[in-house]
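An overview of the molecular structure
Read off the chains here:
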Amino acid sequence: MNNSSLLSIQHLTKSYVGIETLHDINLELPANKIIGLLGPNGAGKTTLIKILANLLSQYDGKILIDGHKLGIESKKIISYLPDTSYLNEKWEARKILDFFEDFFEDFQYSKSLMLLEQFHIPLDKSFKSLSKGTKEKLQLITTLCRNAKLYLFDEPIAGVDPLARQEIFDLILQNRNPQSSVIISTHLVSDVEKYVDMCIFIKEGSIIKFGDTSEVRKNYSNLEEAFKGSFR
Ligand SMILES: Nc1ncnc2c1ncn2[C@@H]1O[C@H](COP(=O)(O)OP(=O)(O)OP(=O)(O)O)[C@@H](O)[C@H]1O
């Protein structure tokens with residue numbers, strides 16, 4: 001592991017029912033960066049994020065997060081937002097915040113209340129009665145209000161309009177633990193361009209490009225063009 005790495009992945013391979021989905025992934029990701037995990041549908045983004053979140057245990061390779069193998073210690077320092085809603089639909093926001101406070105020692109309750117107010121999210125309405133964008137913001141707030149070292153956001157902007165996407169990124173940038181790194185998976189490359197310090201392009205389970213965003217888009221007019229160019 002490189003001394004400055006927050007996340008080290010060596011020779012990671014994952015198969016589902018005999019079909020290899022991730023092929024020999026090697027990555028060293030530093031602390032204090034916003035990192036875009038960018039690839040088309042089926043590229044392996046969710047699989048990689050689920051492995052890092054310790055939800056999939058059958059894989060080959062070595063992964064260290066802040067020097068810890070995946071397990072109880074890594075879970076304490078990772079805050080993960082899945083691509084599908086996982087909250088009890090009947091719960092209102094206040095109950096969701098209480099749940100997070102009970103479950104995670106590092107949850108910042110007063111900050112979460114402040115953010116809910118800032119985004120006009122009611123405390124007393126059931127989760128199922130909120131709009132899709134409001135649901136996404138509420139889930140994002142609960143994930144961000146953990147004082148984590150690594151945040152994993154799987155498609156946090158997929159279901160919301162462009163204005164809400166901007167709000168979601170502002171929320172992430174202004175409210176994460178400042179020493180932490182953030183991995184955001186998406187196929188909406190142009191939406192993330194101005195926010196990501198580094199990019200990983202993933203295609204059919206392999207990393208085809210990785211580096212600082214300025215380096216990755218060098219020789220192209222923007223990141224989207226670099227993405228298209230790499231996937232041709
Ligand atoms: N539980 C599973 N069983 C079998 N195959 C799976 C399973 N989960 C994912 N796959 C396959 O693994 C590959 C990668 O899927 P994954 O969901 O990781 O991609 P993705 O980049 O997140 O895609 P999307 O942008 O559509 O969410 C796909 O071919 C998918 O069909």
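Scroll up for the structure.
First, a word on what this report is: a plain description of the structure on this page.

Criteria and cut-off values
- Residues numbered from 1 in each chain as written.
- Predicted model: local features only at pLDDT ≥ 70, side-chain atom pairs only at ≥ 80, totals over all residues.
- Heavy atoms only, no water.
- 1 Å grid on protein atoms, 1.4 Å probe; cavity = no way out; pocket = protein on both sides within 12 Å on 5 of 7 lines; lining within 4 Å.
- Points joined across faces, edges and corners; volume = space filled by probe spheres on them.
- Helix = DSSP H or I, 4+ residues; strand = E, 2+ residues; numbered from the N terminus.
- Nonpolar A, V, L, I, M, F, W, Y, C, P; charged D, E, K, R; others polar.
- Phe/Tyr/Trp six-rings, centres within 6.5 Å; stacked < 30°, edge-to-face > 60°.
- Buried < 20%, exposed > 50% of the residue type's maximum accessible area, 1.4 Å probe, protein only.
- Pairing = 2+ DSSP bridges.
- Contact = heavy atoms within 4.5 Å.
- Axes fitted to C-alpha atoms, helices over the stretch in contact; angles between N-to-C directions.

**Quick notes on the layout of surface pockets**
- Taken as a whole, the largest pocket encloses approximately 620 Å³ of empty space.
- Forming the boundary of the largest pocket are 21 residues, of which K75, I78, F103, F104 and R146 lie nearest the centre.
- Within the residue set of the lining of the largest pocket, elements represented by two or more residues are helix 2 (72-77), strand 6 (78-81) and helix 3 (93-103).
- When residues of the lining of the largest pocket are assigned to their parent elements, the largest contribution, 4 residues, is made by helix 2.
- Along the lines of polarity and charge, the residues of the lining of the largest pocket split into 12 nonpolar, 4 polar and 5 charged.
- Looking at the second largest pocket, its volume works out to about 240 Å³.
- Here the element with the most residues in the lining of the second largest pocket is helix 5 (residues 132-144); it accounts for 4 residues.
- When the residues that make up the lining of the second largest pocket are grouped by side-chain class, the tally is 5 nonpolar, 4 polar and 6 charged.

**Some remarks on the packing of aromatic side chains**
- The full count for this structure, using the stated rule, is 11 aromatic pairs.
- Here the aromatic rings of F99 and F103 are separated by 5.3 Å at their centres, their planes lie at 20°, and the arrangement is stacked. Within this pair, F99 and its partner F103 are both found in helix 3, separated by 4 residues, close to a single helical turn.
- Overall, F103 belongs to the exposed group, its relative accessible area being 58%.
- Plain terms: the ring middles of Y151 and F153 are 6.2 Å apart, the flat faces sit at 5° to each other, and that makes the pair stacked. Taken individually, Y151 and F153 each receive the classification buried, so the pair is uniform in this respect.
- One aromatic cluster is present, built from ring pairs that chain together W91, F99, F100, F103, F104 and F107.

**Considerations on the sheet that holds strand 5 (residues 68-69)**
- Reading across from one edge, 2-1-4-5 is the order of the 4 strands in this open sheet, with antiparallel pairing throughout. The open sheet terminates on both sides in strands that have one partner only, identified here as strand 2 (19-30) and strand 5.
- Across the face of the sheet, helix 1 (residues 45-52) comes into contact with strand 1 (5-16), strand 2 and strand 4 (60-65) while running at roughly 120° to strand 1.

**What about empty space enclosed by the protein?**
- Tallying each qualifying case throughout the model produces 1 cavity of 30 Å³ or more.
- In this structure, the largest cavity spans a volume of roughly 40 Å³.
- The wall of the largest cavity is formed by L7, I9, L27, L29, L37, L48, I49, L52, I183 and I200.
- Looking at the lining of the largest cavity, the elements with two or more residues in it are strand 1, strand 2 and helix 1.
- Among the elements that make up the lining of the largest cavity, the one with the highest residue count is helix 1 (3 residues).
- Partitioning the lining of the largest cavity into residue classes produces 10 nonpolar, no polar and no charged.

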